[in-house]
Amino acid sequence: VPGAARAETSLTYGSSLPAPHVIHEKALAPFFERVAEDTGGALRWELIPGGTMGSVKEAVQIIEDSIVDSGLVLDIYTRQELPVTSMFGDMIALTDDFIVFAAAANEMQLVACEACRTERADKDLVSLAYYAPDPYLLMCADDTRGYDDLQNKKTRASGRMGVLVETFGATTVTIPSSEVYEALQRGQANCSVASAAWLESYNLSDVVTNIIDLPMGSYFNAGLLYMNKATFDGLPEDQRAAIRGNLAKLVADALFAYRTQSGEALAEAERKGVALVEPDPKLTEALAEFRDGEIANTVATAEEAGLDGAAERVETFMALVDKWRRIVAETGDDEAAFADALDREIFSRAEF
Amino acid sequence: MRFAYRWLNRVNSAIVGLSILAVVAMMVQVSLDVASKYLFNFPIPLTLEAVSHFYMVALIFLPLGFVTRKRGHIGVDLFTQKLTASRRALFDAFGGVLGVVYLALLVWFTTAEAAHQTRIRETWETAFGYVEVWPARWLVPAGCVFMLAWLVLLAADDLRFGLTGRRWLPQEGADARPDDGAAPRDLPPAQ
Amino acid sequence: MDGPSIALIAVAILFVLLAARVPIGIALPTVSLGGIIALRGTRPAFGMLGSLPFDFAASWSLSAVPMFLLMGALTYHTGLTRSLYAAARLWFNPLPGGLAVASNFASAGFAAASGSSLATAAAMGRLAIPEMLSFGYNKGLATGTIAASGTLGAFIPPSIAFVLYGWYTQQPIGTLLVAGIVPGLITAVAYTAMIVIRCMLDPGLAPRAEIRGGLAEKLAALKDIWPLPLLIVCIVGSIFSGIATATEAGALGSSFALLIALATGRLTRETFVRSVMEAIETTASIFFIAIGAILLTRFLAMAGIPNLMGDLVASWELSTIAVILVMIVVYLVLGMFLDPIGIMLLTLPIFLPVFDGLGLDLIWIGVLVVKMIEVGLLTPPVGMNAFVVKNVVGDAVSLNQIFAGLGWFLVCEAVVIALLVAWPELSLWLPGVM
Ligand code: NA
Ligand code: NA
């Protein structure tokens, strides 16, 4: 680095997830390090986890108001603030492969949906990357192993997952995730829709007896890196280039870390005596039938909310899903190849 | 002053009635939800949403004016307890002025937030579809504005008492300390 | 000026404002907003002000607080507690400070139902303090006992504090809950020993009644006390049988109290309104302070205090025991001003990597952390448990008297913390055998 005086920028990243979360440790921290390295230490990030700077509901606002410079934004909480960006969240039950859907969401949001980009710019926001957590599975603390056992079982779920388990014949109960362990242990809920990571983070493997091995959905449209637009635009060109150059690996790291963690958590749960049950045909049929209606439901919900062009947008998105299905089939377990594909198809073309 | 005092007292009673309703509704709905979940496997829809978005917000913000009127906001009196009543009133007036500024900001910005959430029709996704929850946002400025009104009234009264030794308003609550250890808290006046 | 300097000035101003009788719920946001404006301008400060009050209040978990307050107020105003204390007075009369000891263990019992220290202090304060005062107990002893034994609420399951710590550190919550039980019981025993010794040395603290009830009288007194144990059994039973969560048990407990009062003909419209009003006022004033405490947490985070402390701790290259001592001092100081949630949010990001690096057991650390934030509920100037008790007793006891009474309990806490630090097995043994 030449001796010329150069500005050192320190940015904050606000997250509502706990400090040791896989997203922080396996994706964001390495990303922040790479960016610092590529800018010769001129651009640094400070992670403020645990919702210290604002709850998950406040995420958009704290970035908009520069309380933090960047952060994690979950689309289920931005339906009104960012209606176009968030409308895809209604399709979570379609997520049979969370890596494919996350890649498609990145391409949709960053390349294929101009209305999404302007909508965010109007809120002084720029969005740089999206991710999907590992899929939701049905976990039960009693002897529920399939469709027939599930009838009238109290099942903890929310949003579209709640509607889904109702169509399975279960009774949806609403319990905050912090109380799932207690609820399953004491029988306020027989089952819960939960991701494999919860087996460890909420210690569910102690109370769960059966896990039905059927991916039911994933919030694939989750904002991994939102920034205040003025802050982003105010960065020197080389710093913005360093950010852009590292986004593909950020997304790939997040998705592969989720996949690894989920596999390990399930294996560990099995070792502790939890049964991983193959889904029975009735269950897979009911899920397939539910999925058939989800696109129409998404379009209808968006139109009800007064959004134009919802049908075209959903169609575009589903075409991207097909496209990424083909790409992911080729890249397989090769994370570097997947990251290259993300870079080629999305991040080198995106306008922020 | 007296006129504002009487008028605010009347509004207080109405607002206090609403907060009582919120608490009772919360108790009843949660209890019924538990019973119905246990007995009939049928949880009462939207209990969690109603509790967290309406009842809690109502019972935290609506009574603030009432608490202020009773001088029920907790403070440290270690360093000022030996002062004369009028000196203490001057300190209270100072705290009151800070409170007026804080509450004015709160009213202004929570109103702006409520207006914003109303404009975008703040909605929560529940297991029963989308539910509009923006009306609850208005409970915050509604409660704060009454706290603000009482703070203004009491600060002016404290200032007058500190400077002239006379008050406009009848005294209630903490300033009339009957420090005799007897009756634990009085019945809230002016029901 | 850099962030830490602004934070230092703000805390100094906070001290001055508090000393000058500015209500805590107004002093905290005043310095926090001032500090945020100095650091980052008005937009973040006012943006936060618009959304934070609603987002904080709109909470399912915290709804246990008003419900347990209501339950306490109902049982007190309908006289359900009076007969219990009449009996306790007869039975515990021989023991120095008998009613305080009884209240202490009643708190432990209640803690098994309540997830939060504030809720335990609120409900038990309503039940026990007026009775102790009416028997001539020292005001500091009576209120201190309740404020301090309220912290058992976080140690005997269920516990919101352990759930929060477990979520934040990704430690198993069930193990944490079990780990808290023995330290909780040790605390209750330490309190009891202190109360008995103090009252032996100075009988004036807890006057013994002159009456000398025979066994027949003692047994007769028992027949009137059934409603309250029944209530506690209903609540604890509903939680452990799986009918209700800790949060739901608050509402259920209020309903039970109401039904018992109705069944025994003790409920009037007046007592009902009075009970509800009390629950409402206390909830509103406590949450009003908590909003200020959260603003302070955010201001300190913006000022870079977590990073600064992390760098300091790292640069000192301390031994394990030194790190734990530093942690205890930091929690003691922060605990004077911040609410438990705020302290955890501020400190865990700093300390966790350090503890991890030293290979310490995060379950044991969790017990120490919860212990320290519970101590923070008892220390002036911002001691939430003391405030709850103050709210319950109204003008009968001053805040100074409550904090003075708490001094002795803090001495007990020092002993308990020393034990927990010296013997990690005290925390880790029970989860190990379960
Ligand atoms: Na407890
Ligand atoms: Na304190």
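Residue numbers restart at each chain and count upward from 1, following the sequence in its written direction. All chains are assigned letters beginning at A, and all ligands numbers beginning at 1, according to the order in which they are written. The model is predicted, so local features are restricted to residues of pLDDT at least 70 and side-chain atom pairs to those at 80 or more, both for listing and for counting; the totals for chains, interfaces and linings are taken over all residues. Hydrogens and water molecules were not included; the side-chain quantities draw on all heavy atoms of the structure.

Where an unreviewed UniProt entry is consulted, chain C appears under the name TRAP transporter large permease protein, with the organism given as Kaustia mangrovi. As its UniProt record puts it under Sequence similarities (unreviewed entry), chain C is described as follows: "Belongs to the TRAP transporter large permease family." UniProt positions are given in the numbering used here, feature names are shortened, and annotations may be inferred rather than shown by experiment. Listed under Subcellular location (unreviewed entry) in UniProt, the entry text for chain C is "Cell inner membrane".

## Things to note about the overall build of chain C
Looking only at helices and strands, one finds 22 helices and 0 strands in chain C. Seen through its C-alpha atoms, chain C measures out along the principal axes to roughly 70 × 45 × 45 Å. For each residue, the accessible area found with a 1.4 Å probe, counting protein chains only, is set against the maximum for its type, and the residue is called buried under 20%, exposed over 50%, and partly exposed in between. Put simply, chain C has 434 residues, and 67% of those count as buried. Two residues qualify as a contact provided that any one of their heavy atoms is within 4.5 Å of a heavy atom in the partner residue. Summarising the internal contacts of chain C: among those between residues at least 6 apart in sequence, 79% fall at separations of at least 24. Carbon and sulfur atoms provide 71% of the accessible area of chain C, an area that totals close to 13,600 Å². Here Asp and Glu are counted as negative and Lys and Arg as positive; His is not counted, and neither are the chain ends. Where a charge sits is defined by one atom per residue type, namely NZ (Lys), CZ (Arg), CG (Asp) or CD (Glu). With 18 positive and 20 negative side-chain charges, chain C shows a spacing of 12 Å between the two charge centroids. Only DSSP runs of H or I covering at least 4 residues are called helices, and only runs of E covering at least 2 are called strands; the numbering of each starts at the N terminus. Computed with a 1.4 Å probe, the accessible areas rest on the Shrake-Rupley method; for each residue, only the protein chains presented here act as cover.

## Here we look at the state of the cysteines
In this description, a disulfide is simply a cysteine sulfur pair whose atoms lie within 2.5 Å. Counting across every chain of the model gives 2 disulfides over all chains. The disulfide partner of Cys 113 of chain A is Cys 116 of chain A, and the gap between their sulfur atoms is 2.1 Å. Taking the sign of the torsion about the S-S bond as the criterion, the disulfide between Cys 113 of chain A and Cys 116 of chain A, at about 80°, is right-handed. For the pair Cys 113 of chain A and Cys 116 of chain A, a shared accessibility class is recorded, and that class is buried. Two residues, Cys 140 of chain A and Cys 191 of chain A, share a disulfide whose sulfurs are 2.1 Å apart. One quick way to see it: the torsion about the S-S bond of Cys 140 of chain A and Cys 191 of chain A is about 105°, and its sign makes the bridge right-handed. With Cys 140 of chain A in strand E5 (residues 136-140) and Cys 191 of chain A in strand E8 (residues 191-195), this pair connects stretches of sequence that are 51 residues apart. A relative accessible area of 0% means that Cys 140 of chain A is categorised as buried. Take the cysteines of chain A that form disulfides and number them in order along the sequence; they join up as 1-2, 3-4. Cysteine Cys 412 of chain C shares no disulfide, and the gap to the nearest cysteine sulfur, in Cys 199 of chain C, comes to 12 Å. On the basis of relative accessibility, which here comes to 7%, the residue Cys 412 of chain C falls in the buried class.

## A look at the interface of chain B and chain C
Facing the 71 residues of chain B at the interface are 65 residues of chain C. Each of two parts loses accessible area, computed with a 1.4 Å probe, when they are put together; buried area is these two losses added. Interface area for chain B against chain C, summed over the two sides, is near 6,100 Å², with a carbon-plus-sulfur share of 73%. Within this document, salt bridges are pairs made up of a side-chain nitrogen of Lys or Arg and a carboxyl oxygen of Asp or Glu, the two lying within 4 Å of each other. Our count for the contact surface shared by chain B and chain C stands at 4 salt bridges. A 3.5 Å cut-off defines polar contacts: any pair of N or O atoms within that distance qualifies, except that in protein one atom must be a possible hydrogen donor and the other a possible acceptor, and neighbouring residues in sequence count only when both atoms are side-chain atoms. Linking chain B to chain C there are 5 residue pairs in polar contact (both at pLDDT 80 or more). Those elements that place two or more of their residues in the side of chain B that touches chain C are helix H1 (2-40), helix H2 (47-61), helix H3 (64-69), helix H4 (85-119) and helix H5 (139-164) of chain B.

## Re the interface of chain B and chain A
Across the contact, 17 residues belong to chain B and 23 residues belong to chain A. Of the roughly 1,600 Å² buried between chain B and chain A, counting both surfaces, carbon and sulfur atoms make up 56%. Our count for the contact surface shared by chain B and chain A stands at 0 salt bridges. Viewed at the interface, chain A and chain B are joined by 3 residue pairs in polar contact (both at pLDDT 80 or more). Looking at the side of chain B that touches chain A, the elements with two or more residues in it are H2, H4 and strand E1 (123-126) of chain B. Of all the elements, E1 of chain B adds the most residues to the side of chain B that touches chain A, at 4 residues. Split by residue class, the side of chain B that touches chain A holds 6 nonpolar, 6 polar and 5 charged. Any residue that is not Ala, Val, Leu, Ile, Met, Phe, Trp, Tyr, Cys, Pro, Asp, Glu, Lys or Arg is counted as polar, Gly included; the first ten are nonpolar and the last four charged.

## A word on the packing of aromatic side chains
In summary, the pairing rule links any two rings of Phe, Tyr or Trp, Trp by its six-membered ring, whose centres are within 6.5 Å, and it sorts them by plane angle into stacked for under 30 degrees, edge-to-face for over 60 and tilted for everything else. The tally for this structure, following the rule as stated, stands at 21 aromatic pairs over all chains. Centre to centre, the rings of Phe 232 of chain A and Phe 352 of chain A are 6.2 Å apart; their planes meet at 90°, and the pair counts as edge-to-face. Note that Phe 232 of chain A is positioned in helix H9 (residues 229-233) and Phe 352 of chain A in the segment after helix H13 (335-347), a separation of 120 residues in sequence. The pair formed by Phe 232 of chain A and Phe 352 of chain A is uniform in burial state, with each residue classed as buried. Residues Phe 256 of chain A and Phe 338 of chain A carry aromatic rings whose centres are separated by 5.7 Å and whose planes lie at 45° to one another, so their mutual orientation is tilted. Residue Phe 256 of chain A is located in helix H10 (residues 237-271), and its partner Phe 338 of chain A is located in helix H13; the two are separated by 82 residues in the primary sequence. Its relative accessible area of 8% is what places Phe 256 of chain A among the buried residues. Taken together, the ring pairs connect Tyr 13, Phe 31, Phe 32 and Trp 45 of chain A into an aromatic cluster. For the cation-ring pair, Arg 167 of chain B lies above Phe 161 of chain B, with the distance from its terminal atom to the ring centre recorded as 4.2 Å. Working rule: Lys NZ or Arg CZ, within 6 Å of ring centre, within 35 degrees of ring normal, means a charge sits over the ring. Note that Lys 371 of chain C overlies the ring of Phe 155 of chain C, its terminal NZ or CZ placed 4.6 Å from the centroid.

## Focus: helix H6 (residues 98-111) of chain C
Residue and element names in this part refer to chain C. The terminal C-alpha atoms of H6 lie 20 Å apart, and with 14 residues this matches the ideal 20 Å at 1.5 Å per residue to within 8%. With 11 of 14 residues buried, H6 lies mostly within the body of the structure. All of the buried residues in H6 are Gly 98, Leu 99, Ala 100, Val 101, Ala 102, Ser 103, Asn 104, Ser 107, Ala 108, Phe 110 and Ala 111. Take the number of residues in a helix, subtract one, and multiply by 1.5 Å to get its expected span.

## Comments concerning the domain arrangement of chain C
Residues and elements named next belong to chain C. By convention here, the domain bounds are inherited from an automatic or database domain assignment. Split by domain assignment, chain C resolves into domain 1 (1-58 + 287-302) and domain 2 (59-267 + 303-432). Of note, the centres of domain 1 and domain 2, computed from C-alpha atoms alone, are 28 Å apart. Taken together, the contact between domain 1 and domain 2 spans 22 residues of the former and 18 residues of the latter. Taken together, both faces of the contact between domain 1 and domain 2 bury some 1,600 Å²; the carbon and sulfur share is 80%. Between the two partners, domain 1 and domain 2, sit 0 salt bridges. Counting the contacts that link domain 1 with domain 2 gives 6 residue pairs in polar contact (both at pLDDT 80 or more).

## Topic: the sheet that holds strand E11 (residues 275-277) of chain A
All names here are of chain A. The pairing criterion is simple: DSSP has to find at least two bridges between the two strands. Pairing within the open sheet is mixed, and its 6 strands lie in the order E7-E6-E8-E5-E9-E11. The open sheet terminates on both sides in strands that have one partner only, identified here as strand E7 (171-173) and E11. Going across the sheet, the axis of each strand differs from the next one's by a mean of 30°, ignoring polarity. Where E5 meets E8, 5 bridges bridge the pair, whose relative direction is antiparallel. Bridge pairing in E8 places Met 139 opposite Ser 192. The convention used is that axes are lines fitted to C-alpha atoms, helices contributing only their stretch in contact, and that angles between N-to-C directions extend from 0 to 180 degrees.

## Considering the nonpolar core
As used in this record, nonpolar core signifies buried Ala, Val, Leu, Ile, Met, Phe, Trp, Tyr and Cys residues forming a set joined through side-chain atoms within 4.5 Å. Among the nonpolar cores identified, the biggest contains 339 residues, and Leu 204 and Trp 324 of chain A are the most heavily contacted of them. If one sorts the elements of this core by residue count, helix H15 (residues 269-302) of chain C sits on top with 19 residues. For Trp 324 of chain A, the contacting residues outside a window of four places in its chain are Val 100, Ala 103, Ala 104, Glu 107, Phe 338, Ala 341, Leu 342, Glu 345 and Ile 346 of chain A. Grouped together as the second largest cluster of nonpolar side chains are 5 residues, Ala 108, Ala 111, Leu 152 and Ala 188 of chain C included.

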